[in-house]
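Residue-level listing of the chains:
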Amino acid sequence: MAVNGIMVALPDPVAKPRPEAQEEQLEQLLKLTTRLVPVCSKRVLLKTVVGLLCAVVVLAYSVIRIHLGEKQYQSMERAKCRSSGGQIMSAVQQQLVTSVSSTKALAALVQLDLGANLFNPLGPAVEALITATQDVADQATAGTDAEKAAAAATFAAAAGTIISNASKCAFNNVVRSMQSSFKGITNLQLSPSGVVSTIHPIHGNEGAIGHDLFFDRTRRDGALATIEAGEVVFVGPLVLKQNNKPAIIARFPVFVDQPGFKGVEDKFPAWWGFTTMVTEISDLIPATPISTMKDDGWSFVLCAKTGGKNVFILASDDVGGQPQQVTEDPDTPWWNFAQGHEAESVEFELSNLQVHWVMMLWPKDGFPRYSDTFVVQVLLCICFSSVSLFSLYGMVLRESIIQGIKASMSQGMTKSVSDVPGAAPIAQCACGVTLLAWSKFCHMCGGPQGKIAGGGGGEGQDAMAAHAHSEEAPELEQSSAGKAAPATEPKDFLETEAISVAL
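Predicted model only: the values in this text are computed from it and were never measured.

A. Examining helix H9 (residues 333-340) more closely. If you check which residues of H9 are buried, you get Trp334, Trp335 and Ala338. Each buried residue of H9 sits inside an arc of 100 degrees when the element is viewed along its axis, so together they form one side. Turning to H9, the residues buried within the fold contact strand E8 (298-306), strand E9 (309-315) and strand E11 (355-363). Glutamate 342 occupies a position one or two residues after H9 and carries a positive phi of about 55 degrees.

As structure tokens, then:
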């Protein structure tokens, strides 16, 4: 029979009833084995504290390992982001250098014959355009309205001649070859004496023909700085006047060392003019990995650092607050947007070109907050903690039960007898602790003899056999060796001969 999770073998119904004292003692033992709340004692408290400390140490170690693993995962994700950004910016840097080198290649051709072959057959028209441009500049400051009008008409005619015959210029074939080889080039220009005289392609750039870099106050300082530097000077990002598109410009000063040549600038007599490369942002991007960043799951902001300010160049579509065109934005909401997404910063600087570009890069969906195995690790940690606490509870409860039985023995609850009738079994407690108690009771009024049923091995079977023969041999019980044992004298109580505890 099961009582509160305790398997109890009841005596034979035909056996003589046990005295009330025995029943009360059995009930006390049964209560001990069905206890669910441990009794606080020094021994139990010590085991509890030690068990909890061990569980806390193991739990803390697991939590620390999970934390360090997640931290390493976050670092790896950011390192991956920086690595991807570094590769992209390296490709952008290489493409800029390659595109800019086209100006030097074009300058080498000019130095051969002062650009005669490149301008052919528009050489006379180019010279007329340069003269008209200088005349316009002179009349703008001191000329009358009629003189200004006449100069403007001459300039328009010269520019119109070049524009209408631009397709015949040999320069076009050279530029097409360079665009195919260097990539990322929107157009190339020749500017003898600082006057833009020919452009390829001419379509969409007609407004730039005749543009005098020295007459334009916004360009004059840059033009003079380029001549003084004697190297390629990178300008931009800026907005082109002819089409209002964001672009970058690279100018290279061409110096000619030929007898009889004298440039228009007295300060630089060997200076011939400029070879200029213009790259619109829309043409630069397809030549770099930036064009595939959206498909690769990256969001970004690209800007140039100029004079301590961030000048917007380009951003992915999901970036908020980006301006409609390249500009110096004092509020920089697009930069704040990138910082709000904890973006990684990657940059490159070309000091010889005065280029310093910065890219803010982050995953389109944001950096992951935890790894794919984080939830599994946490669940395993919780399960381990629960099992540890449950095991600790079972161990402490078992110790309480054992201490209770020992206490009852020390108080004289049980005494030794050799043979007792009507023994009561105590088998398995609720927390999984098995107590096997071989108890012998005092023969107060006579009755069936027996042993505890439900013990390990064959003990339960022996008890049942003894009970079956109790009516025929009330005074004696045959031992395992075949000898007759005398009937025991009536004793006062129960004694536990052996207690076996097994988890």
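B. Local environment of the packing of aromatic side chains. Per the stated rule, a full pass over the model turns up nine aromatic pairs. With a centroid separation of 6.4 Å and 40 degrees between ring planes, the pair formed by phenylalanine 390 and tyrosine 393 is classed as tilted. Placement of both phenylalanine 390 and tyrosine 393 in helix H10 (residues 374-410) is noted, with a separation of three residues, approximately one turn of the helix. Residue phenylalanine 390 is classed as exposed on the basis of its relative accessible area, which comes to 61%. Judged by its relative accessible area of 32%, tyrosine 393 is partly exposed. In textbook terms, an aromatic cluster arises when at least three aromatic residues are bridged by ring pairs, as seen for Phe234, Phe348 and Trp357.

C. Main features of the environment of alanine 132. With respect to the secondary-structure elements, alanine 132 resides in helix H4 (residues 123-142). For the pair alanine 132 and threonine 154, spaced 22 residues apart in sequence, the C-alpha separation works out to 6.1 Å. Beyond its immediate sequence surroundings of up to four residues, alanine 132 is in contact with Thr154 and Phe155.

D. Structural view of the pattern of salt bridges. Across all of its chains, the model carries seven salt bridges by this definition. Across the pair arginine 82 and glutamate 344 runs a salt bridge whose closest N-O atoms are separated by 3.3 Å. A residue pair is termed long-range when its members are at least 10 positions apart, and arginine 82 in helix H2 (residues 42-113) and glutamate 344 in strand E10 (residues 344-350) qualify at 262 residues. The partly exposed category is assigned to arginine 82, whose relative accessible area is 39%. Here glutamate 344 falls in the buried class, since its relative accessible area comes to 13%. The salt bridge partner of arginine 369 is glutamate 342, with a shortest N-O separation of 3.7 Å. Of this pair, arginine 369 sits in the loop between E11 and H10 while glutamate 342 sits in the loop between H9 and E10; the two residues are 27 residues apart in sequence, bridging distant segments of the chain. Among the residues examined, glutamate 342 registers a relative accessible area of 39% and is labelled partly exposed. Bridged by salt links that share partners, the residues Arg78, Arg82, Glu342, Glu344 and Arg369 form one connected network.

E. Quick peek at the packing of H2 against helix H6 (residues 171-182). For the pair H2 and H6, interaxial distance at closest approach is 10 Å and the crossing angle is 155 degrees. The angle between the axes of H2 and H6 places the two elements in the roughly antiparallel class. As for the relative orientation of H2 and H6, their crossing is right-handed in sense. Residues Gln95, Thr98, Ser99, Ser101, Ser102, Ala105, Leu106 and Leu109 of H2 form the contact with H6, whose own contacting residues are Phe171, Val174, Met178 and Phe182. Counted by class, the contact of H2 with H6 contains seven nonpolar, five polar and no charged residues.

F. Just the packing of H4 against helix H5 (residues 145-164), in detail. The N-to-C vectors of H4 and H5 enclose an angle of 155 degrees; their axes lie 8 Å apart at closest approach. Classified by the angle between their axes, H4 and H5 sit roughly antiparallel to one another. H4 and H5 meet at a crossing whose hand is left-handed. Listed contacts from H5 to Ala125, Val126, Ala128, Leu129, Ala132, Thr133, Asp135, Val136, Gln139 and Ala140 of H4 are Glu147, Lys148, Ala151, Ala152, Thr154, Phe155, Ala158, Ala159, Thr161 and Ile162.

What counts as what
Residues numbered from 1 in each chain as written. Predicted model: local features only at pLDDT ≥ 70, side-chain atom pairs only at ≥ 80, totals over all residues. Heavy atoms only, no water. Buried < 20%, exposed > 50% of the residue type's maximum accessible area, 1.4 Å probe, protein only. Helix = DSSP H or I, 4+ residues; strand = E, 2+ residues; numbered from the N terminus. Arc of directions from axis to C-beta. Contact = heavy atoms within 4.5 Å. Phe/Tyr/Trp six-rings, centres within 6.5 Å; stacked < 30°, edge-to-face > 60°. Salt bridge = Lys/Arg side-chain N within 4 Å of Asp/Glu carboxyl O. Axes fitted to C-alpha atoms, helices over the stretch in contact; angles between N-to-C directions. Parallel < 35°, antiparallel > 145°, perpendicular 65-115°, else oblique. Left-handed = near helix turned anticlockwise from the far one by under 90°. Nonpolar A, V, L, I, M, F, W, Y, C, P; charged D, E, K, R; others polar.

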